[in-house]
Amino acid sequence: PKMLRLLPLLAACALAVELHVPAEPGAVVAAFDSILSLPPGEDVDVKLASGVHHVSAPIQLTSAHSRGRKIRVGAKSTTSDVPIISGGIPVTGTWEKEQASSTWSAPLPDGFDASDIGRRMQAWQNETRWTLARSSILTYENATGAYIVYKDGQILPKYYDQENVYLVLYESWTAALHKIKSIVPSNRTCFLSTAFNAQWASSASGFRFYVENALELLDSPGEFYVDAGRKRILVVSNEDPNQWATPMILAGPQELLFLNGTSEEPVSGVEWQGIAFSYSSVETETCFSGSCDGQSASFLTTATVHLRHAQEVTFTECSFTHTGGIAVWFDEGCFNNSVGFSTATDLGAGGVRIGTPSPSWTDLSLRNEGNAVHDCVLTDGGHVHQMGAGVLAQNVGNTTITHNEIGHFRYTGVSTGWTWGYAPTLVHDVHTTFNHIHDIGLGYLSDMGCVYTLGHQPGSIVDNNVCSDVQSYNYGGWAYYTDEGSRDEVFTNNVAFRTKCAGHHQHYGTDNLIVNNLYYDVNIGDVPTPGRPEVLMTSCDSAIRASTHHRTWECHPDTAPTTGCCCHPGCDQGKCSSFTFKSNVVAQPVDYSNGTLVATTFSLGLLNFTFEDNLYYSVSEAPSLPLFNVSEPNEGYSFQEWKDSGKDVKSQYADPELDTSNFTLAPSSPAFSLGYKQIDISTVGPRAARVGAPDALHQMAPSGLEAVSSELRASGLVL
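What counts as what
Residues numbered from 1 in each chain as written. Predicted model: local features only at pLDDT ≥ 70, side-chain atom pairs only at ≥ 80, totals over all residues. Heavy atoms only, no water. Helix = DSSP H or I, 4+ residues; strand = E, 2+ residues; numbered from the N terminus. Rg over C-alpha atoms; globule rule 2.2 N^0.38 Å. Buried < 20%, exposed > 50% of the residue type's maximum accessible area, 1.4 Å probe, protein only. Contact = heavy atoms within 4.5 Å. Areas by Shrake-Rupley, 256 points an atom, 1.4 Å probe, with all protein chains shown as cover. Lys, Arg positive; Asp, Glu negative; His and termini not counted. Charge placed at Lys NZ, Arg CZ, Asp CG, Glu CD. Pairing = 2+ DSSP bridges. Disulfide = S-S within 2.5 Å. 1 Å grid on protein atoms, 1.4 Å probe; cavity = no way out; pocket = protein on both sides within 12 Å on 5 of 7 lines; lining within 4 Å. Points joined across faces, edges and corners; volume = space filled by probe spheres on them. Core = buried A, V, L, I, M, F, W, Y, C linked by side-chain atoms within 4.5 Å. Phe/Tyr/Trp six-rings, centres within 6.5 Å; stacked < 30°, edge-to-face > 60°. Lys NZ or Arg CZ within 6 Å of the ring centre and 35° of its normal. Nonpolar A, V, L, I, M, F, W, Y, C, P; charged D, E, K, R; others polar. pLDDT = per-residue confidence, 0-100.

> In this structure, what is going on with the overall build of the chain? I would like to understand it.
Counting secondary structure elements, the chain contains five helices and 62 strands. Computed over its C-alpha atoms, the radius of gyration of the chain comes to 27 Å, within 12% of the 27 Å expected for a compact globule of 719 residues. For the chain, the spread of C-alpha atoms along the principal axes amounts to about 85 × 75 × 55 Å. When burial is assessed residue by residue, the chain has 62% of its 719 residues classed as buried. In the chain, 76% of the contacts between residues at least 6 apart in sequence involve partners at least 24 apart. On the chain, roughly 25600 Å² of surface is accessible, and the fraction owed to carbon and sulfur atoms is 53%. Each charge class in the chain was averaged separately, 41 positive and 75 negative side chains, and the resulting centres sit 4 Å apart.

This is the structure we're talking about:
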């Protein structure tokens, strides 16, 4: 094509073809299409000009593009603005005032498909996400799987374009979208088009919901509504939109890039460097035809950048912004791919996803091995699907999640494993290390952690992470969370502070080693957050907690299993739980309403657990108080009673002499006599220079991690 210039180059003794791609309509797609006509084995350098490379459908690369070659995609110039592969569609028509004094409307852009509701759910102006017309957060009276009973005035008898109005209904750890089937004002009942998972619609959800995408609710500055019937977009703005320096942007395709190989011929050897991917629309097909209440938004089938059957594909110094769902997904059959020194922000769901919910046990080519997320800043997620995680790794092996900054997600920071109970697993060797994870939950959902693990994960380690500021809506704002069947995992050299609930919580699991960690100022209760501005709980559970399922003295599921008291699938596996808690420091600096240090669900809940060589301290709680093995209705043990029961026999209760600016202990700390080793957090987080954050990010300032967070926010990478 005329728009492309092909230059054969001789570099490093290998013949390469250089494609110079202008920021013109169709040029980027034509460039990748032209690779198909090149001889196999001939490397290609794709040089994108600065500016916006608009795509109306995802760029697709298949194994036919690879054919034994390296494909390097980067910027034509390192001195100008980065190239942006964008699905954004600007609103360029004239804005006119509607009848309401501050409501304006403009014609939808030519070619914008307003029939797809997923394209109507997001809009941006000047890089800022606007709010889709919606109600405030409300609370209903009752709910079943088919309907909710709302309170007077919460839902109108009829809405404009009602078939596209939906409710966002909170559950414990999800917030699902449900279209309206019908409204019966006489008994205040709103029937739903899809089933609501009402079993989790308890106090943990707060009975909360809101109405969204309703023209009648377009009433606050910063809100918008796309009227498909009139083919216009409406906004509420106190200033004339015609005076805006930049236009409003809508999103077109759900995916911008799809590398789609096969198990026999994967896409391989593609390197992306210094490219921005921006503006993708929302996937709604699963939500509105079935269910979208899956944990961590695992029901999604698309991503802004999507790889399937891909090997040795790298994204370096890239950015992923303004997405309708997940930013990057290494789907089935992905081996040895990575995203590094990159940023993902303003996300409709999660940051990076690796793996699939249902892996193959027989076909090795369908598995996910050797992938990595490193030195990235992942932030500001869950704008549409609130349960999106910073990193979600499902049924993966040899996976590395390291040196990342992960913050401001409404659900979990890093989620790994994904087999429930003690069932067989393909998961192994997942390494979650040197990550700075903070501002998790934000008060929107419950049952979460900075690091969340699920199922058997042999060879896996959670090491040298720093977790802070976890705030759930109700229960479950934990730092490190070993959920159902977590097994054969090592947690070591981690720091946790300012978490609503426990520094470590195990629902149930076995053979986990928790050694040489520091838990400070945890179980602090509610702090006002965007998702929950009110204080509902002044404390949560305990500094350390295990939620072993109830059993009697006669039940020994591990050594003497019987019907109803066993560990294998088909039993209540939650009765089988253990970990070894060794050489840790647990320190509470102030008097909380619940200052307990170790708690469980019932008096026998810690029977199979090992506690040894730990240092405990509470500024305001004497060791003679019942701070250990606290449960309902058991009041708990004093420290001496706890030791007499066989737990923490050689442990101590003393001031750890902690420097909270860097979480180091003084040389005279009694922790060292118990085998504790100093934790060095100076290298936690991204090695900053290559993601645009301050060079000194990895060096702790005198005021500690708060200084790091403020530096990141000042850089614009973290909101």
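> How should I be thinking about the pairing of strand β7 (residues 83–86) in this particular structure?
The two faces of a sheet get side chains in turn, since along a regular strand they alternate between them. Bridge count for strand β4 (residues 51–54) against β7 is four bridges, and the pairing is parallel. Of the residues in β7, the one forming a bridge with His53 is Ile85.

> What is the right way to read the state of the cysteines from this model?
Put plainly, a disulfide is one covalent bond tying together the sulfur atoms of two cysteines. According to the stated counting rule, one finds six disulfides in the structure shown. Put simply, Cys287 and Cys292 are joined by a disulfide, and their sulfur atoms are 2.4 Å apart. Note on the Cys287 and Cys292 pair: the S-S dihedral is about 110°, so by sign convention the disulfide is right-handed. Two residues, Cys450 and Cys467, share a disulfide whose sulfurs are 2.1 Å apart. Negative torsions about the S-S bond denote left-handed disulfides, and the value of about 75° found for Cys450 with Cys467 makes this one right-handed. Remark: Cys467 occurs in strand β46 (residues 466–470) and Cys450 occurs in strand β44 (residues 448–454); sequence separation between them is 17 residues. The same class applies to Cys450 as to Cys467, namely buried. Here Cys334 stays free of any disulfide, with the sulfur of Cys376 as its closest cysteine sulfur at 16 Å. By relative accessible area, Cys334 is classed as buried at 0%. Cys318 supplies the cysteine sulfur nearest to Cys376, a cysteine that is in no disulfide, at a spacing of 9.4 Å. A relative accessible area of 1% means that Cys376 is categorised as buried.

> Mind showing me how you'd approach the layout of surface pockets here?
Over the atoms rolls a probe the size of a water molecule, and in doing so it shows where empty space is left. Approximately 520 Å³ is the volume found for the second largest pocket. Lining the second largest pocket are 24 residues, and of these Val52, Ile84, Glu127, Ser278 and Tyr279 lie nearest its centre. Contributing elements (two or more residues each) for the lining of the second largest pocket: β4, β7, β8 (88–90), β11 (124–125), β27 (276–278) and β31 (319–321). The biggest single contributor to the lining of the second largest pocket is β4, with three residues.

> Is there a simple way to think about the sheet that holds β8 in this case?
Sheet strands associate in pairs through backbone hydrogen bonding, adopting either a parallel or an antiparallel arrangement. In spatial order, the strands read β8-β23-β11-β12; together these four strands make up an open sheet with antiparallel pairing. The strands lining the two open edges of the sheet, one partner per strand, are β8 and β12 (128–129). In this structure, β11 lies alongside β12, joined through two bridges in antiparallel fashion. Residue pairing in the sheet places Gln125 in a bridge with Thr128 of β12.

> Looking at this structure, how should I read the nonpolar core?
Generally speaking, a soluble globular protein has its nonpolar side chains buried in company with each other. Formed by 131 residues in total, the largest nonpolar core has its most connected members in Val46, Ile233, Trp272, Phe277, Phe315, Phe320 and Tyr616. Among the elements that take part in this core, helix α1 (residues 27–35) stands out by supplying five residues, more than any other.

> Sorry if this is basic, but what is going on with the packing of aromatic side chains here?
The geometry of an aromatic ring pair comes down to the distance between the two centres and the angle between the two planes. Overall, the coordinates contain 35 aromatic pairs when judged by the stated rule. For the pair Tyr519 and Phe581, a centre-to-centre distance of 6.0 Å together with 20° between the ring planes defines the contact as stacked. Here Phe581 lies in strand β55 (residues 579–582) and Tyr519 lies in strand β53 (residues 518–522), a separation of 62 residues in the sequence. By the burial criterion, Tyr519 is buried, and Phe581 matches it. Between Phe611 and Trp642, the aromatic rings sit 5.2 Å apart at their centres with planes inclined by 70°, giving edge-to-face as the arrangement. Taken together, the positions of Phe611 in strand β58 (residues 610–612) and Trp642 in helix α4 (residues 639–644) put the pair 31 residues apart, joining distant regions of the chain. Accessibility classification places Phe611 together with Trp642 in one group, the buried group. These aromatic residues form a ring-pair network of at least three members: Tyr519, Phe579, Phe581, Phe609, Phe611, Tyr616, Tyr617, Phe628, Phe639, Trp642 and Tyr653. Above the face of the Tyr473 ring, Arg208 is positioned so that its terminal group lies 3.6 Å from the ring centre. Its end group placed over the ring of Tyr444, Arg410 keeps NZ or CZ at 4.0 Å from the ring centre.

> Whenever I open this one, empty space enclosed by the protein confuses me. Can you help?
For the coordinates displayed, the defined rule picks out four cavities of 30 Å³ or more. What the largest cavity holds in volume is close to 50 Å³. Taken together, Gln254, Ser281, Val282, Glu283, Leu300, Thr302, Ala303, Thr304, Gly324, Gly325 and Ile326 form the lining of the largest cavity. In the lining of the largest cavity, the residues fall into four nonpolar, six polar and one charged. Approximately 40 Å³ is the volume attributed to the second largest cavity.

> It is not clear to me how the confidence of the model for the chain should be interpreted in this structure. Could you clarify?
Close inspection of predicted coordinates is inappropriate for parts of the model with low pLDDT. Residues at a pLDDT of 70 or more form 93% of the chain, whose mean pLDDT is 91. Under a pLDDT of 50 for its full length, residues 1–13 has, in the predicted model, 29 contacts with residues more than four places off or in other chains. Counting contacts from residues 692–719, a segment whose pLDDT is below 50, to residues more than four positions away or on other chains yields 64 contacts.

> I would appreciate a short explanation of the sheet that holds strand β17 (residues 166–170) in the present structure.
Across the sheet, seven strands lie side by side as β14-β20-β17-β18-β19-β16-β15; this open sheet has antiparallel pairing. Every other strand in the sheet has two partners, leaving β14 (138–139) and β15 (142–143) as the edge strands with one partner each. Pairing analysis gives five bridges linking β17 to strand β18 (residues 175–184), with the strands arranged antiparallel. Looking across to β18, one finds that Tyr170 is bridged to Ala175.

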